[in-house]
Amino acid sequence: MASTNGITVRSATRDDLPALTNLVETGFGMRYEERELDHIRELFTVDRALVAVDGDRIVGHTVDREMTFTVPGERTVAASGISAVVVAPTHRRRGILRALYTEQHARTEAEGLPLTAFTASEGTIYGRFGYGTAIVRDFISIDRRRAEFRPTTPDPGGVNIASVEEAAPHIREVYDRWRRLVPGAQQRPEPSWELCFTDPQRYRGGASGLFALVHPDGYALYRRQWQETAEVASVWEFRAVTAEAHIALWRVLLSMDLVTKVEGDISDNDPLPYLLTDPRLVQVTGRRDHLWVRLMDIPAALTARTYQRDLEAVVAVTDPFRAAGGTFALRIRDGLAECEPTTRTPDLELGLDVLGSLYLGQHRARTFAAAHRIQAKDQSILRAFDEAFTTDRDPELGWFF
Ligand SMILES: CC(C)(COP(=O)(O)OP(=O)(O)OC[C@H]1O[C@@H](n2cnc3c(N)ncnc32)[C@H](O)[C@@H]1OP(=O)(O)O)[C@@H](O)C(=O)NCCC(=O)NCCS
């Protein structure tokens, strides 16, 4: 229990549930549906929640769950996935988020988890806590009636329609194969599946319930909606273990009679535009960060993933929030890293937020150097560091939390 300015941060109890649920609903401006709330309470259990209290009133909340994330090299790392961070509008900007985070991160340190991660409501808050955007997605919109596949694009077939209920076991199985390959994807616990298949009304934005397309190595969940002048199919979740499944599913999504527009989100190197005769049809309508990452234990996190080239560098990392930073000797041979504290002079200097952004391979070190957020002794060490952190596969978030 920690106390500042009359505000106490403590573990939540079952008795707090009604008040903390109302606080979360108030903060995010929505109401949970009953079955949705049951699954959320199973997913993020009250024994992992912290509340900030002012007298007998709950004015702040945060909760986490231990998650297993895939990292580059088809390896995994344990992380604290943080969710439902809220401070009451009556008590904002008095340091309550900072107090909650201080306690939350002290607990994560005590548990020895190398990483913390979350999805953020705003982009300006979390750099000060050592977080960087690790996954970013493009929102896309395609004029389906004009979309044609190139003559050279294969037509692998193998896609069937199914009800979500009958497709559920297959979807679970494909997801688990997919997440083992993709940096940023997490092992998916049962309550997250229940939430997905419950498909609460508020997830639908006025569109239909979920439709399913299944392929032996993939699936797509999508909704349909009439919007002013367009009949829209919105892809909710798309997972393809193989390139063939990716093509086969997109062929069906872009072949639906009556649909005029197909919307979804893709990663930077998704091959979709290059399957079409007119790549310009895949219009990017927005871009948004999905996952923010903070390295809690730099040697443990950096040695968990693999790298694309050899490197020998002394790296100084500044942690603006806790004591995870320091100067580290990073030695990479044949894709594997060794990392330990050193007193040697650094070759590279960067903030912990930048390291979080590089960690899953989405962002390039050379870009951060151009933004003056990495200082390198010389260009050759920067190039080696930049190339080492690249990956074969774009990171993707497995399930939203
Ligand atoms: C975001 C929220 C949790 C912040 O809580 P808070 O108690 O007001 O935050 P604090 O006073 O502890 O602020 C901590 C730091 O973050 C900064 N900060 C907080 N909210 C910010 C915002 N929306 N934009 C920019 N900076 C912000 C503060 O200036 C402060 O900086 P400093 O400590 O370096 O001086 C709260 O406004 C909220 O509940 N918002 C609605 C729900 C939401 O967006 N939750 C976050 C989900 S990821």
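All of these numbers come straight from a predicted model, not from anything done at the bench. (Residues numbered from 1 in each chain as written. Predicted model: local features only at pLDDT ≥ 70, side-chain atom pairs only at ≥ 80, totals over all residues. Heavy atoms only, no water.)

**Student:** What's the story with the pairing of strand β13 (residues 283-295) in this structure? I'm lost.
**Tutor:** Looking along a regular strand, one sees the side chains alternate between the two faces of the sheet. In this structure, strand β6 (residues 115-118) lies alongside β13, joined through four bridges in antiparallel fashion. Considered in β13, the bridge of phenylalanine 118 is made with tryptophan 292. Sheet topology note: the strand β7 (residues 132-143)/β13 ladder contains nine bridges and is antiparallel. From the neighbouring strand, arginine 137 faces β13, where its bridge partner is arginine 288. (Pairing = 2+ DSSP bridges. Helix = DSSP H or I, 4+ residues; strand = E, 2+ residues; numbered from the N terminus.)

**Student:** Is there a simple way to think about the layout of surface pockets in this case?
**Tutor:** Using a probe with the size of a water molecule, rolled over the atoms, empty space left in the structure can be pinpointed. If you add up the space inside the second largest pocket, you get close to 200 Å³. Forming the boundary of the second largest pocket are 14 residues, of which Pro72, Gly73, Glu74, Asp392 and Arg393 lie nearest the centre. Split into classes, the residues belonging to the lining of the second largest pocket amount to five nonpolar, five polar and four charged. In this structure, the lining of the second largest pocket is formed jointly by two domains, domain 1 (2-118) and domain 3 (297-388), each of which donates at least three residues. (1 Å grid on protein atoms, 1.4 Å probe; cavity = no way out; pocket = protein on both sides within 12 Å on 5 of 7 lines; lining within 4 Å. Points joined across faces, edges and corners; volume = space filled by probe spheres on them. Nonpolar A, V, L, I, M, F, W, Y, C, P; charged D, E, K, R; others polar. Domains from an automatic or database assignment.)

**Student:** Before we go on, may I ask you to explain the sheet that holds strand β15 (residues 326-333) in this structure?
**Tutor:** Either a parallel or an antiparallel arrangement is found when strands of a sheet pair, and the pairing is made through backbone hydrogen bonds. Overall, mixed pairing links the five strands, which are arranged β16-β15-β14-β17-β18 in an open sheet. Two strands close off the open sheet at either side, each with one partner strand: β16 (336-341) and β18 (374-376). Each adjacent strand pair in this sheet contributes to an overall mean axis angle of 25°, direction not counted. Bridge analysis of β15 against β16 gives six bridges, and the strand direction is antiparallel. Looking at the pairing, arginine 331 lines up with glutamate 338 of β16. Each of β14 (311-318), β15, β17 (348-351) and β18 touches helix α12 (residues 379-388); the most contacted strand, β14, lies at about 85° to it. (Axes fitted to C-alpha atoms, helices over the stretch in contact; angles between N-to-C directions. Contact = heavy atoms within 4.5 Å.)

**Student:** What exactly am I supposed to notice about the site of the ligand here?
**Tutor:** Residues in close proximity to the ligand total 20 residues, the closest being Val85, Arg93, Arg98, Ser121 and Arg128. In this structure, an oxygen atom belonging to the ligand sits 2.6 Å away from a side-chain N or O atom of serine 121. The contact in question runs from a nitrogen atom of the ligand to an N or O atom on the side chain of glutamate 122, over 3.0 Å. Here the ligand has 900 Å² of accessible area as a free molecule, and 77% of this is covered by the chains. Secondary-structure elements contributing two or more residues to the shell around the ligand are α1 (17-28), β5 (75-87) and α3 (96-111). Of the residues belonging to the shell around the ligand, the class tally is nine nonpolar, five polar and six charged. (Near = heavy atom within 4 Å. Polar contact = N/O pair within 3.5 Å; in protein donor to acceptor, adjacent residues only side chain to side chain. Areas by Shrake-Rupley, 256 points an atom, 1.4 Å probe, with all protein chains shown as cover.)

**Student:** Can you walk me through the domain arrangement of the protein chain in this structure?
**Tutor:** By a widespread convention, an interface's size corresponds to the accessible area lost as its parts come together. Domains assigned within the protein chain are domain 1 (2-118), domain 2 (137-288) and domain 3 (297-388). With centres defined by C-alpha atoms, the gap from domain 2 to domain 3 works out at 35 Å.

**Student:** Can you help me understand α1 in this one?
**Tutor:** An α-helix turns once every 3.6 residues. As a result, residues three or four positions apart point the same way. Taking 1.5 Å per residue as the helical rise, α1 with its 12 residues ought to reach 16 Å, and the 16 Å between its terminal C-alpha atoms agrees with that figure. The inward-facing, buried residues of α1 abut α2 (34-43), β3 (49-54), β4 (57-71) and β5. Of the residues one or two after α1, glycine 29 is the one with positive phi, at around 65°. (Expected span 1.5 Å × (residues − 1).)

**Student:** Teacher, can you tell me more about a positive patch on the surface here?
**Tutor:** Residues Arg92, Arg93, Arg98 and Arg128 make up a contiguous surface patch of positive charge. One can find arginine 93 in the loop between β5 and α3. Note on arginine 93: relative accessible area 67%, which makes it exposed. (Patch = residues over 30% accessible without salt bridge, like charges linked within 9 Å, V, L, I, M, F, W, Y side chains within 5 Å. Salt bridge = Lys/Arg side-chain N within 4 Å of Asp/Glu carboxyl O. Lys, Arg positive; Asp, Glu negative; His and termini not counted. Charge placed at Lys NZ, Arg CZ, Asp CG, Glu CD. Buried < 20%, exposed > 50% of the residue type's maximum accessible area, 1.4 Å probe, protein only.)

**Student:** For this particular structure, what's the right way to read the pattern of salt bridges?
**Tutor:** Inspection of the entire model under this criterion finds 34 salt bridges. Linking arginine 287 and aspartate 138 is a salt bridge whose minimum nitrogen-to-oxygen distance equals 3.0 Å. Within this pair, whereas arginine 287 is found in strand β13, its partner aspartate 138 is found in strand β7, the two being separated by 149 residues in sequence. Each of the salt bridges in this network shares a partner with another, and the network as a whole consists of Arg137, Arg188, Glu237, Arg239, Asp265 and Glu396.

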